[in-house]
Amino acid sequence: MQCFEVTGGTALTGRVRVTGAKNSALKLMAAALLASGRTTIDEVPDILDVAIMSEVLRRLGCGVTYERSGQPGGGGRVVVDVPEQPATETDYDLVRKMRASISVLGPLVARCGSAKVALPGGDAIGSRGLDMHISGLERLGASIHSEHGFLVATAPRLQGTSIWLDFPSVGATENLLMAAVLAEGTTVIDNAAREPEIVDICSMLTAMGARIDGAGSSTLTIEGVDALRPVTYSTVPDRIVAGTWAIGAVMTRGDVVVERAVPDHLAVPLDKLVSAGATVEVVENGIRVAMEERPRGVDVVTLPFPGFPTDLQPMAVALAAVSTGTALITENVFEGRFMFVNELVRLGADVRIDGHHAVVRGRERLSSAPVLATDIRAGAGLVLAGLLTDGVTEVQDVHHVDRGYPDFVELLTGLGAEIRRVERPD
Ligand code: UD1
């Protein structure tokens, strides 16, 4: 088992570069399936999930290469060479490792007329249904059933339609978008997700020849086309990684320039940091976040974009745990997302959970202890909390963190943190 040993007591200072968003790059790789030939995607983070998506695409018959950038925080280049007739099956061993594998469903049904993708099952942050992916594809004319743990979808040619999502699901919006671009006629997706990653995939699909109107709004209108062409495209910067560095700077009373952070993608989190007492400045090619005093506790409510991102909720709880006063953190997106709080409490945090609310009473210092990273973002939140402990905090199971944060230890060390990766027997 790999662990991080985090020694508390240092402030994060300096500059850190943010590469492309994991949550976009994985979908851009899936979108490559929509055109035969070589699609090139830049600023792809060097993380395990990218290797898993590469394997998903290889098993579908694609050639996939990844070229590292060589600099910490630098994004690599993925080239996906898609055959005329991709295979259509994605197995449980890959979907189990990475739920985002299901984003090949939409492009495969649209391009090949059929797809067989393993059902992901539950994970550490809640039940995460697929009902909106399925009912949307059915509205587009696909027949879908489940057998032996697989979702099996078939459709001769998808037909444009109107789809109203019950909730602006990121994954469902992406899957339906990737299906609708090759459907016959016009598709309107209402109550669509508005995340910057949705805008990113719309931009790439448009460059491939798709006709999409309304990217970044709640209504996407897609005119289906007969075929798309491969492109070269660069991934949007990762707002969650950028937000993690920004919150880390405030918690440790540091001063950090986050290069390539897009302020508009972090409007609500940055506003919360200002309310906590931080100085937030837009600088050339990024943002600067600095903090002198102990932060003030601020309430946070997670919501789909442009609301506060659920992926930064563990960092918000960690921030409140070392701030003055009491903060109420409300989680509205994933029901199981407070599970990591038990680990934070092991570090001496004063947090009480009541349903989807966490009441956090801040403490000046936390107390070092071994803790377990339960998912990517929880792991990052625990590392930030570790920076505020009175000794050496061991964060275990950090393979989760490696899934979302390229060069995490190197970049934190570059900001002055005392952190090292160690191997422990299981
Ligand atoms: C993506 C991100 C994840 C982020 C989340 C919300 C990736 C790989 N992951 O996840 O990091 O936290 O967006 O910003 O991009 N739901 C249903 N039925 C469905 C689809 C979703 O009930 O058919 C529910 C989910 O259980 C969840 C909520 O809707 O409670 C939001 O899920 P969704 O926006 O789809 O998140 P993901 O795309 O899975």
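Residues numbered from 1 in each chain as written. Predicted model: local features only at pLDDT ≥ 70, side-chain atom pairs only at ≥ 80, totals over all residues. Heavy atoms only, no water.

**Some thoughts on the overall build of the protein chain**
Helices and strands together make up the secondary structure of the protein chain, namely 14 helices and 24 strands. Against the globule reference of 22 Å for 426 residues, the protein chain gives a C-alpha radius of gyration of 21 Å, in line with a compact fold. Here the C-alpha coordinates of the protein chain stretch approximately 60 × 45 × 40 Å along the principal axes. Classification of the 426 residues of the protein chain by burial places 57% in the buried group. Put simply, of all contacts in the protein chain between residues at least 6 apart along the chain, 75% involve residues at least 24 apart. For the protein chain, the computed accessible surface area is about 15800 Å², with 47% contributed by carbon and sulfur atoms. Positive and negative side-chain charges of the protein chain, numbering 38 and 53 respectively, have mean locations separated by a distance of 1 Å. (Helix = DSSP H or I, 4+ residues; strand = E, 2+ residues; numbered from the N terminus. Rg over C-alpha atoms; globule rule 2.2 N^0.38 Å. Buried < 20%, exposed > 50% of the residue type's maximum accessible area, 1.4 Å probe, protein only. Contact = heavy atoms within 4.5 Å. Areas by Shrake-Rupley, 256 points an atom, 1.4 Å probe, with all protein chains shown as cover. Lys, Arg positive; Asp, Glu negative; His and termini not counted. Charge placed at Lys NZ, Arg CZ, Asp CG, Glu CD.)

**Some details on the sheet that holds strand β6 (residues 89-90)**
With mixed pairing, the 4 strands of this open sheet are ordered in space as β6-β7-β9-β8. With one partner strand each, in any of the chains shown, β6 and β8 (143-147) form the two edges of the open sheet. Looking at chain direction, strand β7 (residues 114-118) and strand β9 (residues 150-154) are connected through 5 bridges and run antiparallel. Following the sheet pairing, V117 is matched in β9 by L151. Against the sheet, helix α4 (residues 105-112) engages β7 and β9, with an angle of about 160° to β7. (Pairing = 2+ DSSP bridges. Axes fitted to C-alpha atoms, helices over the stretch in contact; angles between N-to-C directions.)

**Focus on the domain arrangement of the protein chain**
For an interface, size is often stated in terms of accessible area lost upon the parts coming together. Per the domain assignment, the segments making up the protein chain are domain 1 (2-18 + 237-423) and domain 2 (22-234). Distance from the C-alpha centre of domain 1 to the C-alpha centre of domain 2: 30 Å. Counting from both sides, the interface comprises 28 residues of domain 1 and, opposite them, 26 residues of domain 2. Together, the buried faces of domain 1 and domain 2 total about 2200 Å²; carbon and sulfur atoms form 54% of this surface. (Domains from an automatic or database assignment. Buried area = accessible area lost by both parts, 1.4 Å probe.)

**Here's the deal with the environment of L60**
For L60, the location among the structural elements is in the loop between α2 (48-59) and β4 (63-67). Judged by its relative accessible area of 0%, L60 falls in the buried class. Taking the C-alpha atoms as reference points, L60 and R15, 45 residues apart in sequence, are found 40 Å from one another. When neighbours within four sequence positions are excluded, L60 is seen to be in contact with L33, P83, P86, A87, T88, E89, T90, V104 and L108.

**Considering the nonpolar core**
Grouped together as the largest cluster of nonpolar side chains are 77 residues, with contacts concentrated most on V104 and L205. The contacts of V104, once residues within four sequence positions are left out, are A30, L33, M53, V56, L57, L60, T90 and V117. Formed by 70 residues, the second largest nonpolar core is a distinct cluster that contains W245, M251, V351 and L366. (Core = buried A, V, L, I, M, F, W, Y, C linked by side-chain atoms within 4.5 Å.)

**Quick word on the sheet that holds β4**
In space, the 4 strands of this open sheet follow the order β4-β5-β3-β14, with mixed pairing throughout. Two strands close off the open sheet at either side, each with one partner strand: β4 and β14 (232-234). Within this sheet the neighbouring strands show an average axis-to-axis angle of 15°, counted without direction. Here 5 bridges tie β4 to strand β5 (residues 76-82), and the two strands are oriented antiparallel to one another. Within the sheet, the bridge partner assigned to V64 lies in β5 and is V80. Sitting on the sheet, helix α7 (residues 196-207) is in contact with β3 (37-44) and β14, with an inclination near 165° to β14.

**Quick notes on the environment of D42**
With respect to the helices, strands and loops of the structure, D42 is situated in strand β3. Distance from D42 to V80, taken between C-alpha atoms, is 11 Å for residues 38 residues apart in sequence. Residues within four places of D42 in sequence aside, it is in contact with G76, R77, T232, Y233, S234 and T235. A polar atom in the side chain of D42 sits 2.7 Å from the side chain of R77. (Polar contact = N/O pair within 3.5 Å; in protein donor to acceptor, adjacent residues only side chain to side chain.)

**Considerations on the pattern of salt bridges**
Inspection of every chain in the model, using the stated rule, returns 24 salt bridges. With a shortest N-O distance of 3.6 Å, R58 and E55 are connected by a salt bridge. Of this pair, R58 and E55 both sit in helix α2, 3 residues apart, which is roughly one turn of that helix. Its relative accessible area of 38% is what places R58 among the partly exposed residues. Classification of E55 as partly exposed rests on a relative accessible area of 27%. Connected through salt bridges with shared partners, the residues E55, R58, R59, D91 and D93 form a single ionic network. (Salt bridge = Lys/Arg side-chain N within 4 Å of Asp/Glu carboxyl O.)

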